[in-house]
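Here is what each chain is made of, one letter per residue.
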Amino acid sequence: EDQVTQSPEALRLQEGESSSLNCSYTVSGLRGLFWYRQDPGKGPEFLFTLYSAGEEKEKERLKATLTKKESFLHITAPKPEDSATYLCAVQANGNKLVFGAGTILRVKS
Amino acid sequence: DAGVIQSPRHEVTEMGQEVTLRCKPISGHNSLFWYRQTMMRGLELLIYFNNNVPIDDSGMPEDRFSAKMPNASFSTLKIQPSEPRDSAVYFCASRSGQGGQPQHFGDGTRLSIL
């Protein structure tokens, strides 16, 4: 059974304090690993797709990396507006996305 | 560009009533997904359609739940009769192309069954 585990459950950072979120997964036949950002009262907003080990994607202060067993979302010099829940999801064969429980990030100024 | 549009944004109704949630996918997207999000279980896929045809409804919790997609620009998720344990946020997402492409989500319907 495909599984996704995210850690930590919650993370509190000071503005400018860089850190990383982890997404560990077990899946047979990975077709893609997805990172989403979700703000309160909103739907998940797509950030990145990673397809193979060694791949990296960047967007502003965010950088996502992928190995055969896990993905990291690195946040460099975060700002309060980066506060959100970050969700990781994997897609194996078929169209089903399996989501992790998410990491709640709070960045204080 | 218009994203995925869901209505209503909030629904409060009494147990036993019929509830209909609506979704308009992004134009040109050929796959549509219905999810349910709760604190206990996170985001769970209920059903998805490809080219308006239901492909996998294994996530639909009970026969009280049904979904339709009469055309490429509209889908409904119906609960009849509703129960308090159906209270959750229901999301619709759409995607273009095949697997490996990202799904794009609407802002959901917050459903409360009293």
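Residues numbered from 1 in each chain as written. Chains lettered and ligands numbered in written order. Predicted model: local features only at pLDDT ≥ 70, side-chain atom pairs only at ≥ 80, totals over all residues. Heavy atoms only, no water.

1. A few points about the overall build of chain A
Stage number 1. Per the secondary structure count, chain A includes zero helices and eleven strands.
Stage number 2. Listed by position from the N terminus, the elements making up chain A come as β-β-β-β-β-β-β-β-β-β-β.
Stage number 3. Here chain A has a C-alpha radius of gyration of 13 Å; the compact-globule value for 109 residues is 13 Å, and the two agree.
Stage number 4. Counting only C-alpha atoms and orienting by the principal axes, one finds that chain A spans roughly 40 × 30 × 20 Å.
Stage number 5. When each of the 109 residues of chain A is scored for burial, the buried share is 46%.
Stage number 6. Taking as baseline every contact in chain A between residues at least 6 positions apart, the subset at least 24 positions apart corresponds to 54%.
Stage number 7. A total of about 5400 Å² of accessible surface is found on chain A, and carbon and sulfur atoms cover 46% of it.
Stage number 8. Taking the 14 positively charged and 14 negatively charged side chains of chain A as two groups, their mean positions are separated by 2 Å. (Helix = DSSP H or I, 4+ residues; strand = E, 2+ residues; numbered from the N terminus. Rg over C-alpha atoms; globule rule 2.2 N^0.38 Å. Buried < 20%, exposed > 50% of the residue type's maximum accessible area, 1.4 Å probe, protein only. Contact = heavy atoms within 4.5 Å. Areas by Shrake-Rupley, 256 points an atom, 1.4 Å probe, with all protein chains shown as cover. Lys, Arg positive; Asp, Glu negative; His and termini not counted. Charge placed at Lys NZ, Arg CZ, Asp CG, Glu CD.)

2. As for the packing of aromatic side chains
Stage number 1. Evaluated as defined, the whole model comprises nine aromatic pairs over all chains.
Stage number 2. Ring plane angle 70° and centroid distance 5.9 Å describe the contact between Tyr36(A) and Phe46(A), whose orientation is recorded as edge-to-face. Linking Tyr36(A) in strand E4 (residues 32-38) with Phe46(A) in strand E5 (residues 45-50), this pair joins segments that are ten residues apart in sequence.
Stage number 3. Phe46(A) gets classed as partly exposed once you look at its relative accessible area, which sits at 24%.
Stage number 4. Judged by centre distance (6.1 Å) and plane angle (80°), the ring pair of Phe99(A) and Phe105(B) falls under edge-to-face. On the criterion of chain membership, the pair formed by Phe99(A) in strand E10 (residues 97-99) and Phe105(B) in strand E10 (residues 104-105) is interchain, its members lying in two chains.
Stage number 5. By relative accessible area, Phe105(B) is classed as buried at 10%.
Stage number 6. Here a set of aromatic residues connected by ring pairs shows up, and it is made of Tyr36(A), Phe46(A), Phe99(A), Phe33(B), Tyr35(B), Tyr48(B), Phe91(B) and Phe105(B). (Phe/Tyr/Trp six-rings, centres within 6.5 Å; stacked < 30°, edge-to-face > 60°.)

3. Focus on the state of the cysteines
What makes a disulfide is a covalent bond joining the sulfur atoms belonging to two cysteines.
Stage number 1. All chains considered together, the criterion is met by two disulfides over all chains.
Stage number 2. Covalently, Cys23(A) is tied to Cys88(A) through a disulfide, its sulfur atoms 1.9 Å apart. Between Cys23(A) and Cys88(A), the S-S dihedral sits near -60°, and the bridge is therefore left-handed. Here Cys23(A), found in strand E3 (residues 19-26), pairs with Cys88(A), found in strand E9 (residues 84-91); they are 65 residues apart in sequence, far enough to count as distant. Each member of the pair Cys23(A) and Cys88(A) is classed as buried.
Stage number 3. Between Cys23(B) and Cys92(B) runs a disulfide, and the two sulfur atoms are separated by 1.9 Å. In this structure, the disulfide formed by Cys23(B) and Cys92(B) twists by about -65° around the S-S bond and is classed as left-handed. (Disulfide = S-S within 2.5 Å.)

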